[in-house]
Amino acid sequence: MKVAVCQLNVLQGDRESNLLNAEQKIDEAVSNGAEIVVLPEMWLSGYDFKHLSKHSEPIDGETSLFLLRKAKQHQIWLIGGSFTADRGDGVYNTSLSYNPSGELINTYSKMHLIGLMKEDQYLKGGLDSPLFDLGNHRASTVICYDIRFPELMRHYAAENASVLFVPAQWPIQREEHWRILLRARAIENQFFVIGANAAGRNENDVFNGHSMIISPLGEIIAEAGSEPTILYATIDLDSVSSVRERMPVLKDRRPELYKI
Ligand SMILES: NC(=O)CCC(=O)C(=O)O
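- In the annotation of an unreviewed UniProt entry, the entry for the protein chain reads Carbon-nitrogen family hydrolase, and the organism field reads Fictibacillus terranigra.
- The heading Sequence similarities (unreviewed entry) in the UniProt record of the protein chain holds the text "Belongs to the carbon-nitrogen hydrolase superfamily. NIT1/NIT2 family."

Here you go:
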């Protein structure tokens, strides 16, 4: 399947421009043959917590309608980055994914909130770790800071996920952590990892791109530079089972002995 990662320049607080830009990039990715399109974290508003009430919307609000429409229009799998979703009991950094019929197939709210970016002061942390079907394969999503918590990804691998999507707004000063952690999560869990970062800046941080598509052996199949772009690669999700058969890391675990 051909994957496109839209590495967007997210303009803080400027919903109108960000929406237009996302739509153009999705259309361009599809015109270049993409079947799976991935957006970054908080691509609609950026980290604009001062105006959180303006940016918060219900799960079935306008962002979800936009994503649904684009998935259906182009008959693609759309991993819709994330946005600030008001889920009744609070606002969550939430990722929605759609299948080519425009059906919502995954709702994941960021579990681990990053204090360095004040997320914990404004948002609630998600409680669920769902998987979803991507054709004949299982898939999963985490958001940015979540990749520092390997137990979450191990849960997805143990549930037979073949691919992990990681929408992010990862600042430049920890760029090597981003690159190394994405590869480590791929190697230890033997699945594809697709990281979609932003490229641009807000009042506090610079986001340096380097979106990546990584194989279940940890090889970098494609990596973007620091400019806004669309990153493409063709991936074979069937290859995950042969990697796991050759070296059965998941089977060789001894979880009864680990005190975590
Ligand atoms: N948006 C984020 O979660 C940033 C994560 C980050 O900067 C880090 O883990 O380091």
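Structure shown, so let's carry the discussion forward.
## Some words on the packing of helix H1 (residues 15–31) against helix H3 (residues 62–74)
Then step 1. It is at 11 Å that the axes of H1 and H3 come closest, and there the two elements cross at 15°. Of the possible angle classes, the one that applies to H1 and H3 is roughly parallel. Of the two possible hands of crossing, H1 and H3 adopt the one that is right-handed. Taken together, the residues of H3 that come into contact with H1 (itself represented by Arg-15, Leu-19, Ala-22, Glu-23, Ile-26, Asp-27 and Val-30) are Glu-62, Thr-63, Phe-66, Arg-69, Lys-70, Gln-73 and His-74.
Then step 2. Residues that form the contact of H1 with H3 fall into these classes: five nonpolar, three polar and six charged.

## Examining H3
Then step 1. If you check H3, its first and last C-alpha atoms are 18 Å apart, about what 13 residues at 1.5 Å a residue would give, namely 18 Å.
Then step 2. Every buried residue of H3 is accounted for by Thr-63, Ser-64, Phe-66, Leu-67, Lys-70 and Ala-71. For H3, the arc enclosing every buried residue in end-on projection is 160°, short of the 170-degree limit, so these residues lie on one face. With respect to the buried face of H3, the exposed residues turned more than 90 degrees away are Glu-62 and Leu-65.

## Observations regarding the packing of helix H5 (residues 150–158) against helix H6 (residues 175–189)
Then step 1. Where H5 contacts H6, the two axes come as close as 10 Å, and the packing angle between them is 40°. One element, H5, and the other, H6, form an angle in the oblique class. Every pair of crossing elements has a handedness; the one defined by H5 and H6 is right-handed. Mapping the contact onto sequence places Pro-150, Met-153, Arg-154 and Ala-157 in H5 and Arg-185, Glu-188 and Asn-189 in H6.

## A look at the pairing of strand S8 (residues 137–141)
Then step 1. Most of S8 is tucked away, with four of its five residues classed as buried.
Then step 2. As paired strands, strand S7 (residues 131–134) and S8 are joined by four bridges and run antiparallel to one another. Residue pairing for S8: Phe-132 is matched across the bridge by Ala-139.
Then step 3. Taking the residues between adjacent antiparallel strands as the criterion, S7 and S8 are bridged by two residues, where Gly-135 takes a positive phi near 60°.
Then step 4. For the crossover from S8 across H5 to strand S9 (residues 161–167), the handedness is right-handed.

## Observations concerning the site of the ligand
Then step 1. Around the ligand sit Glu-41, Tyr-47, Lys-110, Ile-114, Met-117, Cys-144, Tyr-145, Arg-148, Gln-169, Trp-170, Pro-171 and Arg-174, and that is every residue in its neighbourhood.
Then step 2. One of the side-chain N or O atoms of Glu-41 is found 3.0 Å from a nitrogen atom in the ligand.
Then step 3. Gln-169 is positioned such that a nitrogen or oxygen atom in its backbone is 3.2 Å from a nitrogen atom of the ligand.
Then step 4. Notes on the ligand: free accessible area 300 Å², of which the protein chains cover 99%.
Then step 5. The site holding the ligand turns out to be the largest cavity.

Procedures and definitions
- Residues numbered from 1 in each chain as written.
- Predicted model: local features only at pLDDT ≥ 70, side-chain atom pairs only at ≥ 80, totals over all residues.
- Heavy atoms only, no water.
- UniProt positions renumbered as here; feature names shortened; annotations may be inferred.
- Axes fitted to C-alpha atoms, helices over the stretch in contact; angles between N-to-C directions.
- Helix = DSSP H or I, 4+ residues; strand = E, 2+ residues; numbered from the N terminus.
- Parallel < 35°, antiparallel > 145°, perpendicular 65-115°, else oblique.
- Left-handed = near helix turned anticlockwise from the far one by under 90°.
- Contact = heavy atoms within 4.5 Å.
- Nonpolar A, V, L, I, M, F, W, Y, C, P; charged D, E, K, R; others polar.
- Expected span 1.5 Å × (residues − 1).
- Buried < 20%, exposed > 50% of the residue type's maximum accessible area, 1.4 Å probe, protein only.
- Arc of directions from axis to C-beta.
- Pairing = 2+ DSSP bridges.
- Right-handed = clockwise from strand over helix to strand, strands pointing away.
- Near = heavy atom within 4 Å.
- Polar contact = N/O pair within 3.5 Å; in protein donor to acceptor, adjacent residues only side chain to side chain.
- Areas by Shrake-Rupley, 256 points an atom, 1.4 Å probe, with all protein chains shown as cover.
- 1 Å grid on protein atoms, 1.4 Å probe; cavity = no way out; pocket = protein on both sides within 12 Å on 5 of 7 lines; lining within 4 Å.
- Sits in = over half its atoms within 2 Å of the grid points.

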